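Read off the chains here:
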Amino acid sequence: MQAFLNTAVKAARKAGEIAIRAQRRLDELEVREKARNEFVTQVDQAAEQAIIATIRERYPDHAVLAEESGRSGSGEFEWIIDPLDGTTNYVHGFPVFAISIALRRRGQLEAGVVYDPVRQELFTTLRGSGVQLDGRRVRVSGRRELDGALIGTGFPYRSNVRWMTPYLGMLRDVMQHTAGIRRPGSAALDLAYLAAGRTDGFFEFGLECWDIAAGLLMVQEAGGLVTGLTPGPVLESGNILAGSPKVHDALRDLLLPHLNATPPAA
Ligand code: 2AM
Ligand code: CA
């Protein structure tokens with residue numbers, strides 16, 4: 001499994017270099033919003049192609065599920081790839097974005113990498129072996145209650161407005177019961193930070209499986225809990241709640257009543 005991880009790390013670093021190099025050009029470009037978006041789409045695609053090429057070079061028969069190019073191949077091994085998580089930040093030059101790569105074998109997550117090319121921080125995990133940040137073992141925080149906890153989240157974006165009403169109620173409650181909320185804008189990095197004990201909990205609706213696959217395994221391997229805010233597998237619903245064990249449970253008690261009180265708009 002270590003060999004898989006090495007390949008994922010190599011791929012993530014290549015994608016990171018592409019993103020950083022292109023961002024310098026993006027800063028220099030005087031362009032319309034649409035042109036910016038098109039440029040960024042090209043960066044996403046180039047980063048994704050670099051990742052897939054690196055994986056395929058080593059493992060030509062593995063399947064791939066990637067944000068830009070979708071699903072290709074089939075078989076026991078499947079790589080789940082987000083070449084640039086935090087695209088909105090990236091477009092604006094807000095320096096919070098990441099590359100996320102996970103490996104799933106027969107439906108079970110086996111390995112994950114989240115790479116922050118701005119800070120050059122590398123989070124890695126293998127099932128059964130914990131989580132490392134730049135080679136040093138990290139764990140979720142030992143916080144036992146919401147009081148004093150720092151909670152990460154993401155807002156429901158346009159296509160997910162159906163969660164708006166329950167979500168705003170949740171925000172109000174979390175603000176009142178914790179040390180604070182952070183909304184950095186990359187779910188992959190949010191989960192990696194949680195795994196490293198930098199936050200104590202995280203929740204968001206409507207994420208895609210490539211946003212969270214690597215981070216989900218990281219939180220679990222770092223001693224945390226991950227569950228769905230709605231029924232069904234969290235990689236499918238994308239409605240995720242995660243935390244160090246006690247904070248996860250306390251957040252769950254705080255958040256779930258909002259879903260019962262205000263069912264999402266159809
Ligand atoms: P992305 O940057 O790869 O799109 C921010 O709340 C998180 O939601 C990011 O991880 C972002 O990933 C993800 N996300 C998924 N789909 C999105 C969308 N349509 N608009 C904004 N963020 C989206
Ligand atoms: Ca993403």
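Refer to the structure printed above.
Residues numbered from 1 in each chain as written. Chains lettered and ligands numbered in written order. Predicted model: local features only at pLDDT ≥ 70, side-chain atom pairs only at ≥ 80, totals over all residues. Heavy atoms only, no water.

Digging into the site of ligand 1
Applied cut-off: Throughout, near means a residue has at least one heavy atom within 4 Å of the molecule or strand. N or O atoms within 3.5 Å of each other form a polar contact, as long as, within protein, one can give a hydrogen and the other can take it, and as long as residues adjacent in sequence are counted only when both atoms are side-chain atoms. Computed with the Shrake-Rupley method and a 1.4 Å probe, the accessible areas treat only the protein chains shown as cover for residues. Helix and strand assignments follow DSSP, with helices taken as H or I runs no shorter than four residues and strands as E runs no shorter than two, numbered in order from the N terminus. Under the scheme applied here, ten amino acids are nonpolar (Ala, Val, Leu, Ile, Met, Phe, Trp, Tyr, Cys and Pro), four are charged (Asp, Glu, Lys and Arg), and all others, including Gly, are polar. Residue ranges assigned to the domains are those given by an automatic or database domain assignment.
Surveying the vicinity of ligand 1 reveals 14 residues, the closest of which are Asp 85, Gly 86, Thr 87, Ala 187 and Glu 204. Within the backbone of Ala 187, a nitrogen or oxygen atom sits 3.0 Å from an oxygen atom of ligand 1. Contact with the protein chains hides 79% of the accessible area of ligand 1, taken as 470 Å² for the molecule alone. Take the shell around ligand 1: its biggest share by element is 3 residues, from strand E3 (residues 77-85). Across the shell around ligand 1, the residue classes break down as 4 nonpolar, 4 polar and 6 charged. The two domains that each donate at least three residues to the shell around ligand 1 are domain 1 (2-137) and domain 2 (150-261).

Quick notes on the coordination of the calcium ion (ligand 2)
In plain terms, the rule: For Na, K and Ca the donor cut-off is 3.2 Å; for every other metal, N, O and S atoms count as donors within 2.8 Å. Water does not enter the count, which can leave sites looking incomplete.
Coordination of the calcium ion (ligand 2) by the protein is provided by Asp 82 (OD), Asp 85 (OD) and Asp 211 (OD), with metal-donor distances spanning 2.0 to 2.2 Å. Every donor residue of the calcium ion (ligand 2) comes from the same chain, spaced as D-x2-D-x125-D. Taken together, the residues Asp 82 in strand E3 and Asp 211 in helix H6 (residues 209-221) connect sequence positions 129 residues apart.

A look at the packing of aromatic side chains
Defined as follows: Stacked, tilted and edge-to-face pairs are distinguished by plane angle, under 30 degrees for stacked and over 60 for edge-to-face with tilted covering the rest, among Phe, Tyr and Trp rings (Trp via its six-membered ring) whose centres lie within 6.5 Å. Three exposure classes are used, based on accessible area relative to the maximum for each residue type with a 1.4 Å probe and protein chains only: buried under 20%, partly exposed in between, and exposed over 50%. Over a ring means this: the NZ of a Lys or the CZ of an Arg is within 6 Å of the ring centre and within 35 degrees of the ring normal.
Taken as a whole, this structure holds 10 aromatic pairs when the rule is applied. The interplanar angle of 75° and the centroid separation of 6.1 Å between the aromatic rings of Phe 155 and Tyr 167 together place this pair among those described as edge-to-face. Of the two residues, Phe 155 is situated in the loop between strand E9 (150-153) and helix H4 (164-177) and Tyr 167 in helix H4; the sequence distance between them amounts to 12 residues. Taking the relative accessible area as the measure of exposure, Phe 155 reaches 39% and is therefore partly exposed. Three or more aromatic residues link up through ring pairs in this structure, and these residues are Phe 155, Trp 163, Tyr 167, Phe 203 and Phe 205. Over the ring of Phe 155 we find Arg 183, and its NZ or CZ is 4.9 Å from the ring centre. Arg 198 extends its terminal NZ or CZ atom over the ring of Tyr 193, reaching a point 4.7 Å from the ring centre.

Considering the sheet that holds strand E7 (residues 131-133)
As a reminder, the rule being used: Pairing between strands is defined by DSSP: at least two bridges between the two strands are required. Only the contacting stretch of a helix is used when fitting its axis, a line to C-alpha atoms as for every element, and angles between N-to-C directions run 0 to 180 degrees. Throughout, a contact is declared for two residues whenever any of their heavy atoms are within 4.5 Å.
Pairing is mixed across the open sheet formed by 8 strands, whose spatial order is E2-E1-E3-E4-E5-E6-E7-E8. Whereas interior strands pair on both sides, the edge strands pair on one side only; in this sheet they are strand E2 (70-72) and strand E8 (136-138). If you compare each strand with its neighbour and ignore which way they point, the axes differ by 20° on average. Pairing between E3 and strand E4 (residues 98-105): 7 bridges, direction antiparallel. Across the sheet, Ile 80 pairs through a bridge with Ala 102, a residue of E4. Each of strand E1 (63-66), E2, E3 and E4 is contacted by helix H2 (residues 33-58), which is oriented at about 150° to E3, the strand it contacts most. Strands E3, E4, strand E5 (108-116), strand E6 (121-126) and E8 of the sheet are contacted by helix H5 (residues 187-195), whose axis makes an angle of about 100° with E5.

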